[in-house]
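# Coordinates in review
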Amino acid sequence: MNLELSEEQVAAKALARDFTEREVIPNAAAWDRAESVDRAIVKKLGAVGFLGLTIGEQYGGSGGDHLAYCLVTEELGRGDSSVRGIVSVSLGLVAKSIAHWGSEEQKRAWLPRLTSGEAVGCFGLTEPGVGSDAANLATRAVRDGDSYVLTGSKMFITNGTWADVVLLFARTGGPGHRGVSAFLVPTDLPGLTRREIHGKLGLRGQATAELVLDGVRIPAGAMLGPEGRGFSVAMSALAKGRMSVAAGCVGIAQACLDAAVGYAGEREQFGAPIAGRQLVQELLADIAVDVDAARMLTWRVADLIDRGLPFATESSVAKLFASEAAVRCANNALQVFGGYGYIDEYPAGKLLRDARVMTLYEGTTQIHKLLIGRALTGVSAF
Ligand code: FAD
């Protein structure tokens, strides 16, 4: 691939850097302590076009390719993973799925609202009893005349209490992935209740929720994609979504590098800056190598998507490596900060807490190893 960015990509990155410096970084620590990002950020993200990247202008989108989307995601992730996650889910998992699988009516109903930030989307796949084994989900959608009636619950749903629409996966048929269908469920319907999950280790600013559906009635036209193809809707969303998580991890890793290099230059011990110590330079070098490797693997996925080539395994490789790298980088950065890394006046602790979940969601590290192993051998070891 050509590693030189186009003018549009450079401009998207510069816009995202400026936005992150102005709107995100000055507030990130306070949002983390308050366990809530200021919701006004959603409209601001919409206004600069970050919630409409890769979506066609006829639906209110701001166009652009997947590499531009990665660059913006990386910058937001450098500032605050909670804010980055709002975009990765509302745009990356929900709006992009509607753009790909939706009818014209569904696109017109939801995309302009999601891309402007007037509405927020969330992605309801995980359940209390079903995480990695998502094809075995238990939430049911029972046909009743021109409607479906939904019953079940969803766990750990990012944007859950903020969302106006859930891209919800429910069982319309028998066991296994062929019995799953996808629905666009407005969150103001009777029977749908939401509870915010507090006390998270990281991503504390993000509204993560449990959703309970107790006889929620939706028109049959709310189904996204064909009946029985819901698992394909979910997997196609996640394959691209993992690129966005990986890009967010590159942002975390870059923030670690910037913070650690800066601190090492200022902090003096034994009569000289710690930056001059070989063992400190080893920590910095290890972070720098992880940043570059994670970024290159992530850009490769964007390049494959933009060229219309298969990218699912490469997406697993990038997500697996970048998420583990983000944790390593944050841990190394914390070490450079010494005791100051352990208090939240300095950035390393939050970076480590935010990085940790990246190895868990959108496929755990183990699940990605199994996906890569299956691609290599043709044998499923799940
Ligand atoms: P489990 O699947 O129970 O896994 C537990 C452990 O067992 C893990 O280490 C796992 O790797 C391992 N394991 C499981 N199966 C195997 C196997 N076959 N071989 C080897 N090891 C295995 N979900 C959504 O649908 N939408 C969201 O927006 C969303 N946001 C989230 C936000 C946060 C902050 C968090 C924490 C989670 C979010 N999730 C979301 C859920 C997330 O995707 C799941 O937590 C994840 O898929 C893992 O599922 P689980 O937690 O049930 O763990």
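Per chain, the residues get numbers from 1 upward, laid out in the order the sequence is written. pLDDT decides what is reported in this predicted model: residues at 70 or higher carry local features, side-chain atom pairs at 80 or more are listed and counted, and totals for whole chains, interfaces and linings draw on all residues regardless. Hydrogens and water are ignored here; the side-chain numbers use all heavy atoms of the structure.

### Some points on the UniProt feature "domain: Acyl-CoA oxidase/dehydrogenase middle" (unreviewed entry) in the protein
- UniProt positions are given in the numbering used here, feature names are shortened, and annotations may be inferred rather than shown by experiment. The UniProt feature table records "domain: Acyl-CoA oxidase/dehydrogenase middle" (unreviewed entry) at residues 122–216.
- The helix and strand labels rest on DSSP assignments: H or I over at least four residues marks a helix, E over at least two residues marks a strand, and numbering proceeds from the N terminus. Helix makes up 0% of residues 122–216 and strand 51%. Its end C-alpha atoms lie 17 Å apart.

### Examining the pattern of salt bridges
- Here, a salt bridge means any side-chain nitrogen of Lys or Arg that lies within 4 Å of a carboxyl oxygen of Asp or Glu. Evaluation of the coordinates by the stated rule reveals 21 salt bridges.
- The shortest N-O distance in the salt bridge between Glu104 and Arg108 comes to 3.1 Å. Here Arg108 and Glu104 lie together in helix H5 (residues 104–116), a separation of 4 residues that amounts to about one turn.
- Here Glu127 makes a salt bridge to Lys154, at a shortest N to O gap of 2.8 Å. Note that Glu127 is positioned in the loop between strand E1 (121–124) and strand E2 (140–144) and Lys154 in strand E3 (residues 147–158), a separation of 27 residues in sequence. Residues Glu127 and Lys154 agree in their burial class; the two are buried.
- Sharing partners across several salt bridges, the network here consists of Lys13, Arg17, Glu21, Glu75 and Arg78. Partly exposed describes any residue whose relative accessible area lies between the buried limit of under 20% and the exposed limit of over 50%, with all areas from a 1.4 Å probe on protein chains only and scaled to the type maximum.

### Some points on helix H7 (residues 278–306)
- Taking 1.5 Å per residue, 29 residues should reach 42 Å; H7 reaches 42 Å between its end C-alpha atoms and fits that length.
- Taken from the residues just after H7, Gly308 is the one with a positive phi, measuring 70 degrees. Expected helix span is taken as 1.5 Å per residue step, with the number of steps being one fewer than the number of residues.

### Side note on the UniProt feature "domain: Acyl-CoA dehydrogenase/oxidase N-terminal" (unreviewed entry) in the protein
- The UniProt record marks residues 6–118 with the feature "domain: Acyl-CoA dehydrogenase/oxidase N-terminal" (unreviewed entry), using the residue numbering of this structure.
- Between the end C-alpha atoms of residues 6–118 there is a gap of 30 Å, over a span that is 74% helix and 0% strand.

### Considerations on the site of the ligand
- Any residue with a non-hydrogen atom lying within 4 Å of a molecule or strand is treated as near it. Taken together, 16 residues are adjacent to the ligand, and Phe123, Thr126, Ser132, Phe156 and Thr364 come closest.
- Whenever a nitrogen or oxygen atom comes within 3.5 Å of another N or O atom, the pair is scored as a polar contact, on the condition that within protein one atom can donate a hydrogen and the other can accept it, and that pairs from neighbouring residues in sequence are kept only if both atoms are in side chains. One nitrogen or oxygen atom from the main chain of Phe156 is found 2.7 Å from a nitrogen atom belonging to the ligand.
- Counting residues per element, the ones that place at least two in the shell around the ligand are E3 and helix H10 (365–377).
- Take the shell around the ligand: its biggest share by element is 3 residues, from E3.
- Any residue outside Ala, Val, Leu, Ile, Met, Phe, Trp, Tyr, Cys, Pro, Asp, Glu, Lys and Arg is labelled polar, Gly included; the first ten of those are nonpolar and the last four are charged. In terms of residue class, the shell around the ligand is built from 9 nonpolar, 6 polar and 1 charged.
- Of the residues that make up the shell around the ligand, three or more belong to each of domain 2 (123–227) and domain 3 (231–377). Bear in mind that the domain bounds are from an automatic or database domain assignment.

### Some details on unusual backbone geometry
- At Phe270, a position not held by glycine, the phi torsion is positive, near 50 degrees.
- Tracing the backbone through its elements, the reader meets Phe270 in the loop between strand E9 (268–269) and strand E10 (272–273).

### A short note on the domain arrangement of the protein
- The domain architecture assigned to the protein consists of domain 1 (7–119), domain 2 (123–227) and domain 3 (231–377).
- Averaged C-alpha coordinates put domain 1 and domain 3 at centres separated by 20 Å.
- Counting residues at the interface gives 21 residues for domain 1, matched by 31 residues for domain 3.
- Two parts placed together each lose some accessible area; with a 1.4 Å probe, that loss summed over both constitutes the buried area. Here domain 1 packs against domain 3, burying approximately 2,200 Å² in sum over the two surfaces, 58% of which is carbon and sulfur.
- Considering only the side of domain 1, the residues that lose the most area to domain 3 are His66, Glu74 and Trp101, jointly responsible for 25% of the buried surface there.
- For the interface between domain 1 and domain 3, the tally reads 4 salt bridges.
- In this structure, the salt-bridge partner of Arg33 is Asp344, at a minimum N-O distance of 2.9 Å.
- Across the contact surface, domain 1 and domain 3 share 10 residue pairs in polar contact (both at pLDDT 80 or more).
- When contributions to the side of domain 1 that touches domain 3 are tallied by element, the ones reaching two or more residues are helix H1 (7–34), helix H3 (66–79) and helix H4 (81–101).
- Take the side of domain 1 that touches domain 3: its biggest share by element is 9 residues, from H3.
- Looking at the side of domain 1 that touches domain 3 residue by residue, the class counts come to 7 nonpolar, 6 polar and 8 charged. By definition in these notes, contact holds between two residues if any of their heavy atoms fall within 4.5 Å.

### Brief notes about the packing of aromatic side chains
- Classification of ring pairs rests on two measures: the distance between centres of Phe, Tyr or Trp rings, Trp counted by its six-membered ring, which must be within 6.5 Å, and the angle between planes, read as stacked under 30 degrees, edge-to-face over 60 and tilted in between. Summed over the entire model, instances satisfying the criterion amount to 7 aromatic pairs.
- When the centroid spacing of 6.1 Å and the interplanar angle of 80 degrees are considered together, the rings of Tyr263 and Tyr346 count as edge-to-face. Here Tyr263, found in helix H6 (residues 230–266), pairs with Tyr346, found in the loop between helix H8 (312–337) and helix H9 (348–356); they are 83 residues apart in sequence, far enough to count as distant.
- Owing to a relative accessible area of 9%, Tyr263 belongs among the buried residues under this scheme.
- What makes Tyr346 partly exposed here is its relative accessible area of 26%.
- Members of the aromatic cluster, each reached through a chain of ring pairs, are Tyr263, Phe337, Tyr340 and Tyr346.

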